[in-house]
Structures are given as C-alpha cells and as structure tokens.
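Architecture and fold: a report
Given next are the chains, with one letter for each unit.
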Amino acid sequence: MLALDTIFKRKGETMKPIVTETRTAIINAAHDAQIVVRPIHDLGEHDVLVKILSCNLCTSEYGLWSGARTNKPLPMTFGHEWAGEIIQVGERVSGLAVGDFVGGSYTFDPYSTEALEGRTSEAPGVKPYDTQWPDGYYGRYDGCAEYLVQSQESIYKFENKIRPSEAGFLEPLATVINGIKKLDIKKGETVVVIGGGTMGVLNALVAKQKGARVIVSELMEKKIRVAEQLGLEVIDGSKVDPVEEVRARTDGRGADTVILAVAATAANKQGFAMLKKLHGKVLMFAAGYPAPELGVDANKIHYGKMQIFGTFLGEFADFKESCHLLGLGEIDVSSLVDKEYPFDQIQQAFENAIIPGGYRTTVVMQ
C-alpha cells in the first residue's frame, strides 16, 4: 500500500509518526458508513499529528450518506468539523506545540510540491473532492478518524479547551463569518434569517453580534424554541405569513438584509418579498439538491437596486476569527449539539443526523 504523502510530496525532511495507523470512517455507499484502517503518512517539517477527540457530521456529509447528494465519488473519506489535541509536531512547526487543543480548516499545504510549483486547480495545496488516495478512497477531508496529519497552516489553537463537539463548529462558523463580511451589516439594521437550523442560527448569532436587529423565520417548533432560548427574535412561519409579519415588525419598511439559510424556492420567494424597496441585500447561504429556483423577477432586482451575494466556504482569516469567538465563548453553540455517538457507532450517527429538525450530530473518538 502506498503512503498517503505520495499525493502531496513534501520538500525537506520528514519525520516518522509516533502512531502508524488510524481507524478512519468512510462513506462506502448510500446508507453505508464503515470504519477502515489506513496508514498514517510521515510528517513533513511543517506538519502536526493530531489525536482527534470528536468530529461533527456536516449537512453535505449526511446528504451524501443518505443518497440525497450524488455529486461526489464514493467510497469517500470525510470529516472537516473536528477537534483534537496535538501529539507530535514537525521540526519546523512554529506557534503550535504538543498538548495544544486545536481545530482545523481545509487541508491546505503550501509546502507541498504541487503548491510550490503552482500545479493545483484551487488554492495552493487544497485537494479537490475527487482526489483519490493511493488506497482507493476519494476525498478532500479525512478528519473523521482517530488521528490526522495536517499542515500547521490549517491548524488553529483555541484559547481555552472547550467542549470538543462545540470546537467542531470552527469551520461552520468560519463560513458564516465569510458570508456576513460581504453584507457590511450596520448597527441597527434589520436582518432576517430564513431557516433556524444549525447554519441559520449561526448566521443569526453573528449578525446579532454585528449590532443588527435579527429576526429568524422558522416552521419547526424545536428550532423555534432553540432560537428563542438563544435570545433571538423569531417568527413562527407555521402560524403567520413571514412576509407580512416582517413588514408589520418593521413598520412597513421591510428587511435591510435577508439571509437564506434554507435552500427552497418558497424560501427564496419569501426572502425577496420581505426585502425593503431599495438597496436591499440577499445572501444565498444554502445549497439545495435539486437546486431551487431563484424566486424573484429580474426587473425587481434591477429597479430595486438589490444586491445578491453567493457564499461558500471560509478564508483563513475567517477561521482565525471563528476560533477566537468559540474559544472565548462569545458565540454560544452549546444548543446546536444534538447528540453524541461513539466512533464505532458511525452508522447510527448518520441515521440520527438525517432526522428532520435536528442540529449537529457528533462522533466521539475518546
């Protein structure tokens, strides 16, 4: 079996890891998650070896497991919402040490041969989803495992050791920060978030931190209750017309900004309809399969001088901010951890993750 570092050959010296194998979760096929044993590649000079403590299951991952998403090859390694403890560092690692409690961003290795020679299709050293590891599995991420080797450039140290399942929100919160930066929210503006799921609540909490008046529109009772417990203003869309309610609560003016945190044509139509007459902003945060319709007349975009933003993933500065906010407890994600499962129950974890109305399901490696 080939060593995994043959994918990205590193310049300089390498170091043998103190553990040589890791149990790793894979999505083998629809409704089929398994745990396999894989070798751990040598550490490059700028790499760290992390003992994973927990990994949250992302919407994109349980969508792939359920068969709802078919846009990625299988069998696939996965896991980018992980948290763990550094147990070994490469010879030229700086700012990180054994024992640090960390989370990770996208697998980014600027020291790889591919990155140094500019031979990658995306950001330098970032693998595409259809990368095939030498042992036959596909995948960009492989953090749902007992151990992980990753470049120091993709590792973030938390200022306090918080609950690992909450630290797993590093990446989701970073993607929210990235999208909200585009909106340039001003203090006192009204922001409506359509959808009170995990990502909707995160968007609402960050927008509120920016000084906005935030209203969450949601249909499900459990999500309404959680949003209210977090101090968010909520519209129960099962009882009132969200568009009329937003108008009523803003004295007829409408929302300055709408964040679409659910992917549905009906939600899109509501979002554009509740926007203020001129200079309103809409953030298309969620992706849907099949893709929903935009839900707005092109002339209304023109005459209303609307701004429509798309957003996907986060930048490294967003991860730094996310790590800071989580580590200091400035964004409370404790209510967004739905249930925890031992690693050996990965199949049951996915079964729980797809239940409608839930938040994040966590896989625990300890």
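Reference entry: report on the structure contained in this document. Just so we're clear, the structure is a prediction, and the values are computed from it rather than from any experiment. (Residues numbered from 1 in each chain as written. Predicted model: local features only at pLDDT ≥ 70, side-chain atom pairs only at ≥ 80, totals over all residues. Heavy atoms only, no water.)

**Focus on the sheet that holds strand E11 (residues 190–194)**
Taken in spatial order, the six strands of this open sheet run E13-E12-E11-E14-E15-E16, and their pairing is parallel. Lying at the two open borders of the sheet, with one neighbouring strand each, are strand E13 (233–236) and strand E16 (307–310). Taking each pair of neighbouring strands and ignoring which way they run, the sheet shows an average axis angle of 20°. In the sheet, E11 pairs with strand E14 (residues 257–260) via four bridges, with the strands oriented parallel. Its bridge partner lying in E14, Val192 is registered against Val258. Set on the sheet, helix H6 (residues 221–229) makes contact with strand E12 (213–218) and E13; between it and E13 the angle comes to about 165°. (Pairing = 2+ DSSP bridges. Helix = DSSP H or I, 4+ residues; strand = E, 2+ residues; numbered from the N terminus. Axes fitted to C-alpha atoms, helices over the stretch in contact; angles between N-to-C directions. Contact = heavy atoms within 4.5 Å.)

**Remarks on the pattern of salt bridges**
A complete count under the given rule lists 20 salt bridges for this structure. Residue Glu81 pairs with Arg360 through a salt bridge whose shortest N-O separation is 2.9 Å. Of this pair, Glu81 sits in strand E7 (residues 81–89) while Arg360 is found in strand E18 (residues 360–364), placing the two residues 279 residues apart along the sequence. The exposure classification of Glu81 matches that of Arg360, with both residues buried. Measuring nitrogen to oxygen at the nearest pair gives 3.9 Å for the salt bridge that ties Lys210 to Glu321. Placement of the pair is Lys210 in the loop between helix H5 (198–209) and E12 and Glu321 in helix H10 (residues 316–327), with a sequence separation of 111 residues. (Salt bridge = Lys/Arg side-chain N within 4 Å of Asp/Glu carboxyl O. Buried < 20%, exposed > 50% of the residue type's maximum accessible area, 1.4 Å probe, protein only.)

**Let's talk about the environment of Arg140**
Inspection of the secondary structure puts Arg140 in the loop between helix H2 (113–116) and strand E9 (147–151). Along the primary structure Arg140 and Gly79 are separated by 61 residues, whereas in three dimensions their C-alpha atoms are 8.9 Å apart.

**Examining the packing of helix H1 (residues 59–66) against helix H11 (residues 346–353)**
At a minimum axis distance of 10 Å, the contact between H1 and H11 shows a crossing angle of 105°. Considering their axes alone, H1 and H11 lie roughly perpendicular with respect to each other. Two secondary-structure elements touch here, H1 through Glu61, Tyr62 and Trp65 and H11 through Gln347, Phe350, Glu351 and Ala353. Taken together, the residues of the contact of H1 with H11 sort by class into four nonpolar, one polar and two charged. (Parallel < 35°, antiparallel > 145°, perpendicular 65-115°, else oblique. Nonpolar A, V, L, I, M, F, W, Y, C, P; charged D, E, K, R; others polar.)

**Topic: the pairing of E13**
Within a regular strand, the side chains alternate between the two sheet faces. As judged from the four bridges shared by E12 and E13, these two strands associate in the parallel manner. Within the sheet, the bridge partner assigned to Val216 lies in E13 and is Val234. In the classification by handedness, the crossover that spans E12, the intervening H6 and the parallel E13 is right-handed. (Right-handed = clockwise from strand over helix to strand, strands pointing away.)

**Details of unusual backbone geometry**
For the bond running from Leu74 to Pro75, omega is 0°, close enough to zero to count as cis. By secondary structure assignment, the location of Pro75 is in the loop between H1 and strand E6 (76–77). The phi angle at His31 is positive, at roughly 65°, despite the residue not being glycine. Note on placement: His31 falls in the loop between strand E2 (21–29) and strand E3 (32–39).

**Thoughts on the pairing of strand E8 (residues 101–104)**
Taking every second residue as pointing to the same face, both faces of E8 are buried, with Phe101 and Gly103 on one and Val102 and Gly104 on the other. In the sheet, E7 pairs with E8 via three bridges, with the strands oriented antiparallel. Following the sheet pairing, Gly84 is matched in E8 by Val102.

**So, the side chain of Asn268**
Among the secondary structure elements, Asn268 is positioned in helix H8 (residues 265–273). With sequence-adjacent residues up to four places away left out, Asn268 is seen in contact with Leu260, Met284, Pro292, Glu293, Leu294 and Gly295.

**A few points about the packing of helix H4 (residues 170–183) against H5**
Where H4 meets H5, the axes come as close as 9 Å, and the angle between the chain directions of the two elements is 55°. Comparing the axis directions of H4 and H5 gives the class oblique. When the axes of H4 and H5 are compared, the crossing they make is right-handed. Mapping the contact onto sequence places Pro172, Leu173, Thr175, Val176 and Ile180 in H4 and Met199, Leu202, Asn203, Val206 and Ala207 in H5. For the contact of H4 with H5, the residue count by class is eight nonpolar, two polar and no charged. (Left-handed = near helix turned anticlockwise from the far one by under 90°.)

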